[in-house]
Amino acid sequence: MQPTSTSKRTDLVLVGGGHSHVQVLEGFAMEPPPETRITLIVDQPVATYSGMVPGFVAGQYRREELEIDVLPLARRIGARVILAKAVRISTARKQIVLEGRPAVSFDLASINIGSTVAGLSTPGVREHAIPTRPIGLFVSRVDALFERLRTERPRDTFRVVVVGAGVGGVEVAFALDHRLREAGHAVDVSVIESGPEILPGYSAGMRRRTVRAAKERRIHVLTGRRVVGVEANTARLTDPQGTETDAAFDLLLWVTGAVSQPLFRDSDLPTDERGFVRVRSTLQLLDHDDILAVGDCATLENHPSTPKAGVYAVRQGPVLTANLRRLLAGGKLLDRYTPQHDFLTLVNTGGGGAIGGKWFLSFEGDWVFRLKDAIDRKFMHRFQPLDHPNRSTAFDTAAMGQEDGEGAEMEMLCGGCAAKLGQLALERTLSRLPPAAENRSVELGLGDADDAACYTAPGGERVVSSVDQFRAFTDDPFLVGKVAAINAASDLYAKGVEPRYAHALVALPEGSSDSEHEDTLFELMAGARAALDELGIALIGGHTTTATELLMGFHVEGFAERDQELLAQKRLRAGETLILSKALGTGVLFRADMRGELRGPWFKGALASMQRSNREAAAVARRFGARAATDITGFGLAGHLASMLRAADLAAVVDVTRLPALPGATEILETGLRSTFHEENARVARGMEIDGAARRDPRFALLFDPQTSGGLLFGVPEKNAEGALATLLDSGHAAAIIGKTTSAEATSRLRVTTLLS
Ligand SMILES: Cc1cc2nc3c(=O)[nH]c(=O)nc-3n(C[C@H](O)[C@H](O)[C@H](O)COP(=O)(O)OP(=O)(O)OC[C@H]3O[C@@H](n4cnc5c(N)ncnc54)[C@H](O)[C@@H]3O)c2cc1C
């Protein structure tokens, strides 16, 4: 979490991770603006650099080379990152309205969300064409296509139709032609353009060279034809005389011009005829000084015909950075942006060459591609903080506590369920207390050390309850509230009981202003309600206090049927197969995030796993004959399994090679990084028998990684194991069979191996 103070900080909200915003994140890295809370809202954690996309299609770049991971860039300036789609801007409330979660308030906002392609409403296009926007999705679909073509060779010539002959369309046509021929396919590529010529707006020389290059490759160029409808494998075209013809295709790519995303239209902001928001030369909206917009999504009032091209968004980056800084400092004299009259255009022709143009000049050759490649790589290099992690940034200084003169050893402790008291310390403490008076209404209590307690109420109801609270694991209160609720409910699911009621336990960070407290509490509770409402749990009360940092938890309660056997840990049996319902690794992933070293897609994967409740997994466990279960949280898989084995007086064998890992978890563990609670959890290894190969396996460390909102671990009769696993996998769980239970005669309770016999 960012440091807090009693004076309210200015809220700067950046929407979109486009070419200009990545420069703002980079520009603020050495000196973030003071007293400012920066929030980055992105629908995807990585931004795709379109300039290199044709090269990717041609097979010249790997996917990672064209992606900018905005998460580590944002973390370097201590920004919070919200993974959500912005759908509207409320100027009256000064809020960005988001899909699926509460709006975010701003004092100053900047929008860099790019554009979408025109003509998507043409009949059949959404069903049968691949549009180039969103560009990340386009890249994934092209990737999937090449993967498919590797295994399924088309019997006949593979027909590609590219609709739109701007620079993007032409480049994609050359790139696909090259890639498919290189792979040994017979291919026929056509480019269809509604205007009278290709590359509208570019020099005659560039057009001539491009048409000649297309002819040499036998790429058909059809101008003056508009696609009016698409069916499976056929596009219907009309010419200016209204004559209709059909073009057959196996692959249809939609690379038509740019139009605005609906965000501005739905926000009642000043827009041009294509829906782009109108901005002044200071990049502020026409009649809103506190909202700026850049890149494709904005039209410059003084230069309305500026093309929608990434080069303009790139050039606007430094002006935007300077103006945001000035506005945050209360300044009025803002920089003005004037678009360049012309820019160097380089058309990648796929096979190592390119055609270039500026003003009336045009040129071509392999050197032109090398020039384009050098320009693109230089730009991309600036935004890869994980590739040169030694660069000192404001994030390092703040995260390491050096601002307060503290040493590097003062690194913050992990949050979530990794912020528990150690298992041994807890047991020792409880054993020092005098035994409690016998209470015959308690069925599961302190002595059982299970996930939840169970007692019989005077009316005969069997009440099952649990309490859970943790330190914020990330700086997004909505997510903290949501995951805390799911995590707390999990204790009851682990006993096979539906939670019905919840009380919230909140501690807000001391030193924040009243309005910040109110905002944080609202977001926490909105997140909690999003989870509780979906699970049918009524929030019936709570308690809020302040503490040195944000804490969130719940007391949850449900009822067991009169004759229901709870999935108590002590009911585990020998000879059962152990199934884990979720992948491991949240502890180390969030430790990496605290250090600004987590990749965006790994962050997204961990969040998705943590936001999945264990309700379905519990139902599967019961359906396939489980008698005992536990949910994996702070003590890690080994700690929770050890406690289950002690309760049932059993032993178990676990195969580390079968442990499911969240994306990125083993990669980070292999660098030696661990959650701050890992070492404490690893003490349990002292009583374990560990094969040498298992200890050397990269997944070994997952055994001790503390989990926040981890999966269920349960035992089922061996004959039911495959059925239970298949059911979990079918419903999207990253589940695995990880081991089996045996009688307690073995020398140690837990044996870790690499080969489960
Ligand atoms: C195939 C192809 C090749 C091209 N080649 C070139 C070229 O070589 N040179 C050139 O100058 N131009 C090129 N262009 C044009 C270029 O892609 C765009 O002009 C450029 O990407 C615009 O940049 P931007 O910063 O405005 O937005 P973008 O780069 O599109 O970034 C927008 C960001 O906002 C995010 N976002 C979008 N909507 C939302 C939302 N509602 N909420 C939250 N986040 C959101 C997106 O995920 C993305 O990260 C090409 C286009 C294509 C299709």
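Residues numbered from 1 in each chain as written. Predicted model: local features only at pLDDT ≥ 70, side-chain atom pairs only at ≥ 80, totals over all residues.

Explain the overall build of the chain to me, please; I cannot follow it from the model alone.
Scanning the chain from N- to C-terminus turns up 21 helices and 39 strands. Since a compact globule built from 757 residues should have a radius of gyration of about 27 Å, the 29 Å found for the chain is in line with a globular shape. Dimensions along the principal axes, computed over C-alpha positions, put the chain at roughly 95 × 65 × 50 Å. When contacts within the chain are restricted to residue pairs at least 6 apart in sequence, long-range pairs at least 24 apart make up 77% of them. (Helix = DSSP H or I, 4+ residues; strand = E, 2+ residues; numbered from the N terminus. Rg over C-alpha atoms; globule rule 2.2 N^0.38 Å. Contact = placed C-beta atoms within 7 Å.)

Explain the environment of arginine 133 to me, please; I cannot follow it from the model alone.
Inspection of the secondary structure puts arginine 133 in the loop between strand E11 (130-131) and helix H5 (135-151). Distance in space between the C-alpha atoms of arginine 133 and serine 115 is 7.8 Å, their sequence separation being 18 residues.

When you look at the site of the ligand in this model, what are you seeing that I'm missing?
Residues in contact with the ligand amount to 36 residues; listed here are only the nearest, Gly16, Gly18, Ser50, Gly114 and Gly295. Counting residues per element, the ones that place at least two in the shell around the ligand are helix H1 (19-27), strand E2 (36-42), helix H2 (53-57), helix H6 (167-182) and helix H8 (310-328). Looking at the shell around the ligand, the element that brings in the most residues is H6, giving four residues. Tallied by class, residues from the shell around the ligand come to 16 nonpolar, 15 polar and five charged. (Near = placed C-beta within 6 Å. Nonpolar A, V, L, I, M, F, W, Y, C, P; charged D, E, K, R; others polar.)

How do you make sense of the pairing of strand E16 (residues 234-238) when you look at a structure like this?
Each regular strand shows side chains that alternate between the opposite faces of the sheet. The two faces of E16 differ: Ala235 and Leu237 on one face are buried, but Thr234, Arg236 and Thr238 on the other face are not. One ladder, built from five bridges, connects strand E15 (residues 226-231) with E16; its direction is antiparallel. Looking across to E16, one finds that glycine 229 is bridged to arginine 236. Following E15, the chain reverses through two residues before pairing antiparallel with E16; asparagine 233 in that reversal takes a positive phi of roughly 70°. Where E16 folds back onto strand E17 (residues 244-248) in an antiparallel hairpin, the turn is made up of five residues, including glycine 242, whose phi is positive at roughly 90°. (Buried ≥ 20, exposed ≤ 12 C-beta atoms within 10 Å, placed from the backbone. Pairing = 2+ DSSP bridges.)

I'm lost on the nonpolar core in this one. Help?
The tendency in soluble globular proteins is for nonpolar side chains to be buried as a group. If you look at the biggest cluster of nonpolar residues, it comprises 220 residues, and the most contacted ones within it are Val70 and Ala293. Among the elements that make up this core, the one with the highest residue count is helix H12 (residues 477-493) (11 residues). Dropping the residues within four chain positions of it, valine 70 is found in contact with Gly17, Val22, Leu25, Leu40, Val42, Pro45, Val46, Ala47 and Gly600. (Core = buried A, V, L, I, M, F, W, Y, C linked by C-beta atoms within 7 Å.)

Help me out: how do you make sense of the sheet that holds strand E28 (residues 453-456) in this one?
To summarise the sheet geometry, strands pair through backbone hydrogen bonds and adopt either a parallel or an antiparallel arrangement. Read from one edge to the other, the open sheet built from six strands follows the order E27-E28-E29-E32-E30-E31, with strand pairing classed as mixed. Single-partner strands in this sheet number two, and they are strand E27 (442-444) and strand E31 (538-547). In this sheet, neighbouring strand axes are inclined to one another by 20° on average, regardless of whether the strands run parallel or antiparallel. One ladder, built from 10 bridges, connects strand E29 (residues 462-471) with strand E32 (residues 551-560); its direction is antiparallel. When the bridges of E32 are listed, valine 463 appears paired with phenylalanine 559. In the packing of H12 onto the sheet, contacts are made with E29, strand E30 (499-509) and E32, and the angle to E32 comes to roughly 35°. (Axes fitted to C-alpha atoms, helices over the stretch in contact; angles between N-to-C directions.)

Would you mind showing me how to read the packing of helix H14 (residues 586-594) against helix H15 (residues 600-610) here?
Axes are the key here: two packed helices are described by the angle between their axes and the distance separating the axes. Close contact between H14 and H15 brings their axes to 10 Å; oriented N to C, the two are set at 135°. Classed by the angle they form, the pair H14 and H15 counts as oblique. Our pair here, H14 against H15, has a crossing hand that is left-handed. Every residue of H15 that contacts H14 at Thr586, Leu589 and Asp593 is listed here: Trp602, Phe603, Ala606 and Met610. Split into classes, the residues belonging to the contact of H14 with H15 amount to five nonpolar, one polar and one charged. (Parallel < 35°, antiparallel > 145°, perpendicular 65-115°, else oblique. Left-handed = near helix turned anticlockwise from the far one by under 90°.)

It is not clear to me how the pairing of strand E12 (residues 158-163) should be interpreted in this structure. Could you clarify?
Of the pairings in the sheet, the one linking E12 to strand E13 (residues 187-192) comprises six bridges and is parallel in character. Of the residues in E13, the one forming a bridge with valine 160 is valine 189. Read from E12 through H6 to E13, the crossover connection turns out right-handed. Examined bridge by bridge, E12 and strand E18 (residues 251-254) share four bridges and lie parallel to one another. Residue pairing in the sheet places valine 161 in a bridge with leucine 252 of E18. (Right-handed = clockwise from strand over helix to strand, strands pointing away.)

Any chance you could explain the packing of H1 against H8 here in plain terms?
Direction vectors running N to C along H1 and H8 enclose 40°, while the axes themselves pass 7 Å from each other. Judged by the angle between their axes, H1 and H8 are oblique. Judged by the twist between their axes, the crossing of H1 over H8 is right-handed. Seen from H1, the contacting residues are His19, Ser20, Gln23, Val24 and Gly27; seen from H8, they are Gly310, Ala313, Val314, Gln316, Gly317, Pro318, Leu320, Thr321 and Leu324. Taken together, the residues of the contact of H1 with H8 break down into six nonpolar, eight polar and no charged.

How should I be thinking about the sheet that holds strand E8 (residues 101-105) in this particular structure?
Read across the sheet, three strands follow the order E6-E7-E8 without closing on themselves; strand pairing throughout is antiparallel. Two strands lie at the open edges of the sheet, namely strand E6 (86-90) and E8, each paired on one side alone. Along the sheet, successive strands turn relative to each other by an average axial angle of 25°, direction set aside. With three bridges joining them, strand E7 (residues 95-98) and E8 adopt antiparallel strand pairing. Counted as the bridge partner of isoleucine 96 is valine 104 from E8.

I tried to follow the domain arrangement of the chain on my own but got confused; where do I start?
Much of the literature gives interface size as the accessible area that the parts lose upon coming together. Entries for the chain in the domain assignment read domain 1 (10-43 + 84-114 + 260-341), domain 2 (116-258 + 344-406), domain 3 (423-560) and domain 4 (569-753). One C-alpha centre belongs to domain 1, the other to domain 3; they are set 40 Å apart. (Domains from an automatic or database assignment.)

Hey, could you run me through helix H21 (residues 718-730) in this one?
One turn of an α-helix holds 3.6 residues; hence residues three or four places apart share an orientation. Between its first and last C-alpha, H21 extends 19 Å over 13 residues, near the 18 Å set by a 1.5 Å rise per residue. Those residues of H21 that sit buried are Ala724, Leu725 and Leu728. Taken end-on, H21 shows its buried residues confined to a sector of 100°, consistent with a single buried face. Seen from the open side of H21, the exposed residues pointing more than 90 degrees away from its buried face are Lys719, Ala726 and Asp730. Elements in contact with the buried residues of H21: strand E33 (576-580), helix H16 (615-623), strand E37 (712-717) and strand E38 (736-743). In the stretch just after H21, glycine 732 is the one whose phi turns positive, near 85°. (Expected span 1.5 Å × (residues − 1). Arc of directions from axis to C-beta.)

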